[in-house]
Amino acid sequence: MTGRIIDGKAISEQIRRQIKSDTDRLIERGCRPGLAVVLVGDNQASRTYVTNKKKASLAAGMKSELIELPSEVSQQALLNTVDRLNRDPSIHGILVQLPLPPHIDESAVIQAISPKKDVDGFHPENVGKMIIGQDSFISCTPAGIMELLKQAGVGIAGKHAVILGRSNIVGKPMGQLLLQQDATVTYCHSKTENLETFTRQADILIAAIGQAKFITADHVKQGAVVIDVGMNRDEHGKRCGDVDFDSVREKASAITPVPGGVGPMTVTMLLKNTLKSATQTCSNYISTNG
Ligand code: GUN
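Quantities reported herein were computed from a predicted structural model and do not represent experimental measurements.

**Q** Help me understand the environment of L177 in this model?
**A** Along the chain, L177 turns up in helix α7 (residues 171–180). Ignoring any residue separated from it by four or fewer positions in sequence, one finds L177 in contact with M130, I138, P142, A143 and M146.

So, in C-alpha cells, the structure goes:
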C-alpha cells in the first residue's frame, strides 16, 4: 500500500479563500479584523513563524501589527504591551509567540491575554471550555489537524488515536478534540515504555515529538492514518517531520507531508480564530450602535 498524501497546502488555500471573502464582507460592514503578534527576542524559527502569520493575515485583508521586543524585556513591560492590546478596539486577536525567554513566566503572560482575544486558545478559560465542549478558541495546530482529517474523509468515531507528545499547545488539546469525536485516545510521551506496542495499535497516529524522522515503518500499523506535526531539519539540513515519510507512506493509508501538511493549517486556523473574534466583537458593536 502507498498512502495517499493529505495536502495541507491545498486544503489551506481553499479555506483561506473563504476567510478572505468573509473578511471582505466584515470590512464592508465597517469592521476590519486585526491581529497583533508579539515577538520577544531573536529566535530565528520564531521570527520565521511570526513573519508567516503576519503575511497570511495581510493577505486575508486583515490588519496586522507586529510588536518586536528585545530578549531582555522585563515581564512587566511585556504585560503592559498585552494590556494595551487588550484595550485596543482595532485588535481582535493577540498572539505572543512562544517560547519566551527564561526570565519571563509564560503562564502569567498567557493569562494576561483577554480570553476574548486569545486566538491561540492557550488561556485557561479557553482550554477549560474546549475540554467540556463549550464554544471557545481552540489551539491552532490541533484545530488544523481536525480540519485536515475532516477534509480527507477520515472517520474518527470508534478509532484508536495515539498521540505522541503531551504539550499544552498540541498533544493535550489534540487528544481532547479526538475524544470529543468519539475516538479512543492514548497519549504517549518521552517516558512511555515500549512505545511501539502503542503506536502499532493506532488507526490514527499523531506525531508531535520534535525529533527528525523518529517514527519509522516499524512503529506503524498497516493502513493507519499518520499526521506529522514535526518541523525539523534532517542530516542534510532539509526540512522534515517527526515521521520517516518515505518508509511510513508504504504502510499508511494516508499521510501528511512536511512541509505542506500540518504547518499551513496552523496559520489558517489562526486566521479563522481572528475572523471569529472580530465577527463576535463587531456584531455586538453593530447591534448596539444600529
Ligand atoms: N510556538 C510554537 N507554536 C506556537 C503557536 O501556535 N502559537 C504561539 N503563540 N507560539 C507558538
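**Q** Sorry if this is basic, but what is going on with the nonpolar core here?
**A** One recurring pattern in soluble globular proteins: nonpolar side chains tend to sit buried together. The biggest cluster of nonpolar side chains holds 48 residues, and the ones touching the most others in it are I6, I145, L149, L178, I206, V225 and I227. Ranked by residues supplied to this core, first place goes to helix α10 (residues 262–289) with nine residues. Excluding residues within four positions of it along the chain, V225 makes contact with I6, L149, V154, D203, I204, L205, S253 and A254. Of all hydrophobic cores here, the second largest spans 19 residues; its members include V82, I91, I94 and I110.

**Q** Please clarify how the side chain of E147 should be interpreted in this entry.
**A** Tracing the sequence through the fold places E147 in helix α6 (residues 140–151). The side chain of E147 is buried and forms no salt bridge, while K272, the nearest opposite charge, is found at 4.1 Å.

**Q** What is the right way to read the pattern of salt bridges from this model?
**A** When the charged atoms of two side chains with opposite charge come close together, those side chains can pair. Considering all chains together, one arrives at 10 salt bridges under this definition. The closest approach of N and O atoms between R47 and E68, which form a salt bridge, is 2.9 Å. Of the two residues, R47 sits in helix α2 (residues 44–59) while E68 sits in strand β3 (residues 63–69), which places them 21 residues apart along the sequence. Residue class for R47 comes out partly exposed when judged on its relative accessible area of 26%.

**Q** Any chance you could explain the state of the cysteines here in plain terms?
**A** Within the structure shown, the criterion is met by one disulfide. Here C31 connects covalently by a disulfide to C282, the sulfurs 1.6 Å from one another. Taken together, the residues span a long stretch of sequence, with C31 in the loop between α1 (8–28) and β2 (34–40) and C282 in helix α10 at a distance of 251 residues. Like C282, C31 is buried. Unpaired in terms of disulfides, C140 finds its nearest cysteine sulfur in C282, a separation of 19 Å. Owing to a relative accessible area of 4%, C140 belongs among the buried residues under this scheme.

Criteria and thresholds
- Along every chain, residues carry numbers that run from 1 in the direction the sequence is written.
- Residues qualify for local features only when their pLDDT is at least 70, as the model is predicted, and side-chain atom pairs are given and counted only at 80 or more; totals for whole chains, interfaces and linings, by contrast, use all residues.
- Side-chain measures here rest on the full set of heavy atoms in the structure, leaving out hydrogens and waters.
- By the criteria applied, helices consist of DSSP H or I runs no shorter than four residues and strands consist of E runs no shorter than two, each listed in order from the N terminus.
- Contacts between residues were defined by any pair of non-hydrogen atoms, one from each residue, lying within 4.5 Å.
- Side-chain atoms within 4.5 Å link the members of a nonpolar core, which is a set of buried Ala, Val, Leu, Ile, Met, Phe, Trp, Tyr and Cys residues.
- Three labels apply to residues, based on accessible area from a 1.4 Å probe with only protein chains included: buried if under 20% of the type maximum, exposed if over 50%, partly exposed otherwise in between.
- Asp and Glu count as negative and Lys and Arg as positive, but His and the ends of the chain are not part of the count.
- Take a side-chain nitrogen of Lys or Arg and a carboxyl oxygen of Asp or Glu: if they are within 4 Å of each other, that pair is a salt bridge.
- Any cysteine sulfur atom paired with another within 2.5 Å is treated as part of a disulfide.

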